[in-house]
Amino acid sequence: MRRIAVVTCYRQPDYVRAIALRAAVSALGDEAVVVRNRSKGVRRYPEVLAQLWRLRRDRPDAYLVTFRAFEVLPLVLALAGRRPVVYDEFINPVEWFVEEHAKLRAGSLPARALRGAFRAMMRRSAKVLADTPSHAEHSAALMDLPLEHYAVVPVGTDEGSFRPVEPRTDGPLRVLYYGSMLPLHGLDVLLEAMVLLADRDDVVASVVGGSDTDRARVDDAVRRGARIDYRSWVPYEELPALFAETSLAIGGPLGGTVQARYVITGKTYQFLASGVPTLVGANLESGAFEDGVDALVVPQADPAALAERVRWAAEHRDELAAIGARGRALFERRWSLPRIADALRAALAGIRPH
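1. Re helix α3 (residues 73–80)
Each α-helix turn comprises 3.6 residues. Residues three or four places apart therefore point the same way. Within α3, burial applies to L73, V76, L77, L79 and A80. Residues of α3 that are buried sit in contact with β1 (3–8), α2 (44–54), β3 (62–65), β4 (85–88) and α5 (109–124). Positive phi shows up at G81, right after α3, with a value of about 65°.

2. A closer look at the nonpolar core
Counting 35 residues, the largest nonpolar core has V7 and Y63 as the members making the most contacts within it. The residues contacting V7, other than those within four sequence positions of it, are V35, V48, L52, Y63, L64, V65, T66, A69, V72 and V76. Counting residues in each nonpolar core, the second largest holds 34 residues, with L187, M194, A226 and V310 among its members.

3. As for the packing of aromatic side chains
How two aromatic rings sit relative to each other is set out by the distance from centre to centre and by the angle between their planes. Enumeration over the complete set of coordinates arrives at 13 aromatic pairs. Between the aromatic rings of F67 and F90, the centroid separation amounts to 4.8 Å while the plane-to-plane angle is 70°, which identifies the pairing as edge-to-face. One end of the pair, F67, is in the loop between β3 and α3; the other, F90, is in the loop between β4 and α4 (93–100), and 23 residues separate them in sequence. Take F67 and F90: they sit in the same class, and that class is buried. An aromatic cluster of at least three residues, connected via ring pairs, comprises F162, Y178, Y236, F243 and F271.

4. Observations concerning the packing of α4 against helix α6 (residues 133–143)
The N-to-C vectors of α4 and α6 enclose an angle of 80°; their axes lie 10 Å apart at closest approach. Classified by the angle between their axes, α4 and α6 sit roughly perpendicular to one another. Judged by residue contacts, V94, E95 and E99 of α4 engage H135, H138, L142 and M143 from α6. Among the residues forming the contact of α4 with α6, the class breakdown is three nonpolar, two polar and two charged.

5. Some thoughts on a positive patch on the surface
On the surface, R54, R56, R57 and R59 cluster together into a patch of positive charge. Tracing the chain through its elements places R59 in the loop between α2 and β3. Judged by relative accessible area, R59 falls into the partly exposed class, the value being 32%.

6. What to know about the pairing of β4
Residues V85 and Y87 point to one face of β4 and V86 and D88 to the other, with burial holding for every one of them. As paired elements, β3 and β4 share three bridges and run parallel to each other. The residue bridging Y63 from the neighbouring strand is V85, located in β4. As for the winding sense of the linkage, the β-α-β connection from β3 through α3 to β4 is right-handed. Pairing of β4 with strand β5 (residues 127–130), which is carried by three bridges, proceeds in the parallel orientation. Among the inter-strand pairings, Y87 is bridged to a residue of β5, identified as V128.

7. Examining the sheet that holds strand β7 (residues 173–178)
Two orientations exist for strands paired in a sheet by backbone hydrogen bonds: parallel and antiparallel. Spatially, the six strands line up as an open sheet ordered β9-β8-β7-β10-β11-β12, and their pairing is parallel. Taken across any chain shown, the strands that pair with only one partner, and hence form the sheet edges, are β9 (228–231) and β12 (296–298). Between one strand and the next, the sheet's axes are offset by a mean angle of 25°, whatever the strand orientation. Judged from the three bridges that link them, strand β11 (residues 278–281) and β12 form a sheet pairing that is parallel. Residue V280 lies in a different strand from β12, and its bridge partner there is V297. Contacting β7, β8 (203–208), β9 and β10 (248–252), helix α7 (residues 187–196) runs over the sheet at an angle of about 155° to β8. Packed onto the sheet, helix α8 (residues 212–223) meets β8 and β9 and runs at close to 165° relative to β9.

8. What to know about helix α12 (residues 317–334)
For α12, spanning 18 residues, the distance from its first C-alpha to its last is 26 Å, which sits close to the expected 26 Å at 1.5 Å a residue. Every buried residue of α12 is listed here: R317, L320, I323, G324, G327, R328, L330 and F331. Seen from one end, α12 has its buried residues packed into an arc of 160°, which puts them on one side. Turned more than 90 degrees away from the buried face of α12, the exposed residues are D318 and R333. Contacts from the buried residues of α12 go to β7, α10 (266–273), β12 and α11 (303–315).

9. Some details on the pairing of β5
In β5, alternate side chains face the same way, and those of K127 and L129 on one face and V128 and A130 on the other are all buried. Summarising the sheet, β5 and strand β6 (residues 150–152) pair through three bridges and their orientation is parallel. Looking at the pairing, A130 lines up with V152 of β6. For the crossover from β5 across α6 to β6, the handedness is right-handed.

10. Points about the packing of α7 against α11
At a closest axis distance of 8 Å, the pairing of α7 and α11 adopts a crossing angle of 60°. Relative to α11, α7 is oriented oblique. Crossing geometry of α7 relative to α11 is assigned as right-handed. Residues V189, L190, E192, A193 and L196 of α7 form the contact with α11, whose participating residues are P303, A304, L306, A307 and R311.

Rules used in this analysis
Residues numbered from 1 in each chain as written. Predicted model: local features only at pLDDT ≥ 70, side-chain atom pairs only at ≥ 80, totals over all residues. Heavy atoms only, no water. Buried < 20%, exposed > 50% of the residue type's maximum accessible area, 1.4 Å probe, protein only. Helix = DSSP H or I, 4+ residues; strand = E, 2+ residues; numbered from the N terminus. Contact = heavy atoms within 4.5 Å. Core = buried A, V, L, I, M, F, W, Y, C linked by side-chain atoms within 4.5 Å. Phe/Tyr/Trp six-rings, centres within 6.5 Å; stacked < 30°, edge-to-face > 60°. Axes fitted to C-alpha atoms, helices over the stretch in contact; angles between N-to-C directions. Parallel < 35°, antiparallel > 145°, perpendicular 65-115°, else oblique. Nonpolar A, V, L, I, M, F, W, Y, C, P; charged D, E, K, R; others polar. Patch = residues over 30% accessible without salt bridge, like charges linked within 9 Å, V, L, I, M, F, W, Y side chains within 5 Å. Areas by Shrake-Rupley, 256 points an atom, 1.4 Å probe, with all protein chains shown as cover. Salt bridge = Lys/Arg side-chain N within 4 Å of Asp/Glu carboxyl O. Lys, Arg positive; Asp, Glu negative; His and termini not counted. Charge placed at Lys NZ, Arg CZ, Asp CG, Glu CD. Pairing = 2+ DSSP bridges. Right-handed = clockwise from strand over helix to strand, strands pointing away. Expected span 1.5 Å × (residues − 1). Arc of directions from axis to C-beta. Left-handed = near helix turned anticlockwise from the far one by under 90°.

Listed below in C-alpha cells is the structure:
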C-alpha cells in the first residue's frame, strides 16, 4: 500500500475536485494522507505548511497537489525531496490570468514571469493532471511541455450527495441555472434566451448564485419579460432537493470564452449523476454527448439557439425523463468514481512504496 499525501489549500477545502481525488486514491487501495486547510482566509497557508512540515518525519510515497493549491506547490516540491509530486493543474494559471480574465496582458513581464515560474514547477512535477484531453493539449502548448507529461483525470462529482432523483414532469418547464457566474458559464446568454421565451408561460427559470451585479442583470431581464425566480444562494446539502424540482438543468458552458472551449463543468457532472435532463454548450469536449439522447447540446454564446432548445424541451416533456436516465448511464460509464480511479491509477503508474 502506498501512502499518498493529498494536499489542498483553497477557500473551499472540500471542493469537488479534491473530494473526488481523495476518494479515488482510497479506491485504488492506497492510503490517502489528507493535508487540507480548515481556515478559509490567509491563515490557510501557514496551516497547510505546518501539516506538510510534520510529514517530513515520515514522508509519504508521493504527493498529490489538488486544485486549488498552486500557491503551495513550490513548498511541496521543496519538502518532497525525491518523492514524486503530482500536480493537479485543473485550470492553467496562464490561461486563467492572461487568456480568460485578462488580468495580465499577454507578453507583459508579469505574464512571462507567471508562465516561467509555473512551467518550471510543472516540469519538476512527476505528472500534471488535467480535467479533459483538450485542456491537457491546450496547457501543453501554452507551457511548451510534452503532452506525455500530462494525464487526464475527469472531475466527476460527490456521488454520496448526488444520486438519481425523479425530475419534475408536472407544471411549467422549470429550468435551473446555478453557480458562481464566471464568464465561461454565460449568464447573459441564459437571460437573453429567457427574454426570447417571454411568450411562453410554461417556461420558468430558477437562477441561483452570483453577486448583486448578477442580481441586477436578472432583474433587468425580468423587466423585459423573462420569467425568472432568483435566489442568491442555496446550501450545498440542499442542491439534491433543488434538482428534484428541476425539469431541465443548464450545465453549459455557454459563455464562448477561452476556458469554455475545454471544459465539462462541475455542475454538469452533478446533474448527470442525479439523472436530471441536462443541457450543455458545444465545445471540444461535447462530443461525449449525443444531442437529444443523453443531453441537449447547443452552440455557445447563442441565446436564440438556447431559447429554441428550451422551447423544444417544453414541447417534448415526455422525452426528457429518458434523456436524464441516459445521461446518468453516460456518467456511470465515463465519469463515475471507478473511472476516475482508473485514470488516476494510470497517472500514478510507476510510483512505488519506499
